[in-house]
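Observations on the three-dimensional arrangement
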Amino acid sequence: RHLSHARTHAMLSTEDDVYLTRHGARIDKEDSGWLAKADHRRADDPQLSAGGELGARELAAKLSEVHAEEPIAHIVCSPFLRCVQTAQPVAEAAA
């Protein structure tokens with residue numbers, strides 16, 4: 001199943017389900033001066049925008065609902081900051 005841009009639809013879960021999602025909305029698409037405000041200088045690694053953070057929380061809530069009975073077994077994530085920021089609320093909700 002594909003969860004596009006941290007948004008989901010009603011789903012049924014089985015132990016063999018694999019969910020793929022793309023990171024939430026990126027700050028560099030909304031704020032051209034983002035790098036000057038970032039806590040790093042990696043132009044290829046923008047953080048999530050406020051909308052992306054909201055999307056990540058919505059993703060976590062939906063996956064928590066879908067996995068209320070069967071916990072999430074594994075989360076695999078790219079090391080890019082925006083990807084980690086998208087996965088973190090899901091991991092916290094799954095804990």
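Predicted, not measured: the structure shown is a model, and the values here were computed from it.

1. Re the pattern of salt bridges
Considering all chains together, one arrives at five salt bridges under this definition. A salt bridge links Arg26 to Asp28, with the nearest nitrogen and oxygen atoms 2.5 Å apart. Residue Asp28 is classed as partly exposed on the basis of its relative accessible area of 22%. In this structure, Arg82 and Asp45 form a salt bridge, with 3.9 Å as the shortest nitrogen-oxygen distance. One end of the pair, Arg82, is in helix α3 (residues 81-94); the other, Asp45, is in the loop between α1 (34-37) and α2 (50-66), with 37 residues separating them in the sequence. Summarising the burial analysis for this pair, Arg82 and Asp45 share the class buried. Among the ionic contacts, a cluster of salt bridges with common partners joins Arg42, Asp45 and Arg82.

2. Things to note about the nonpolar core
Membership of the largest hydrophobic core is limited to six residues, which are Tyr19, Leu59, Ala60, Leu63, Val66 and Val90. For this core, the element with the highest residue contribution is α2, accounting for four residues. Dropping the residues within four chain positions of it, Val90 is found in contact with Leu59, Ala60, Leu63, Ile72 and Ile75.

3. Focus: the side chain of His23
Residue position: His23 is located in the loop between β2 (20-21) and α1. Among the polar contacts made by the side chain of His23, one reaches the side chain of Arg82 at a distance of 3.4 Å.

4. Details of α3
Between its terminal C-alpha atoms α3 stretches 20 Å, which fits the 20 Å expected from 14 residues at 1.5 Å a residue. Along α3, the largest kink reaches about 25° and is centred on Ala87; proline Pro89 follows within four residues of it. Those residues of α3 lying buried are Arg82, Cys83, Thr86, Ala87, Pro89 and Val90. Of the surrounding elements, those touching the buried residues of α3 are α2.

Calculation notes
- Residues numbered from 1 in each chain as written.
- Predicted model: local features only at pLDDT ≥ 70, side-chain atom pairs only at ≥ 80, totals over all residues.
- Heavy atoms only, no water.
- Salt bridge = Lys/Arg side-chain N within 4 Å of Asp/Glu carboxyl O.
- Buried < 20%, exposed > 50% of the residue type's maximum accessible area, 1.4 Å probe, protein only.
- Helix = DSSP H or I, 4+ residues; strand = E, 2+ residues; numbered from the N terminus.
- Core = buried A, V, L, I, M, F, W, Y, C linked by side-chain atoms within 4.5 Å.
- Contact = heavy atoms within 4.5 Å.
- Polar contact = N/O pair within 3.5 Å; in protein donor to acceptor, adjacent residues only side chain to side chain.
- Expected span 1.5 Å × (residues − 1).
- Bend = angle between axes of the 7 residues up to and from the residue.

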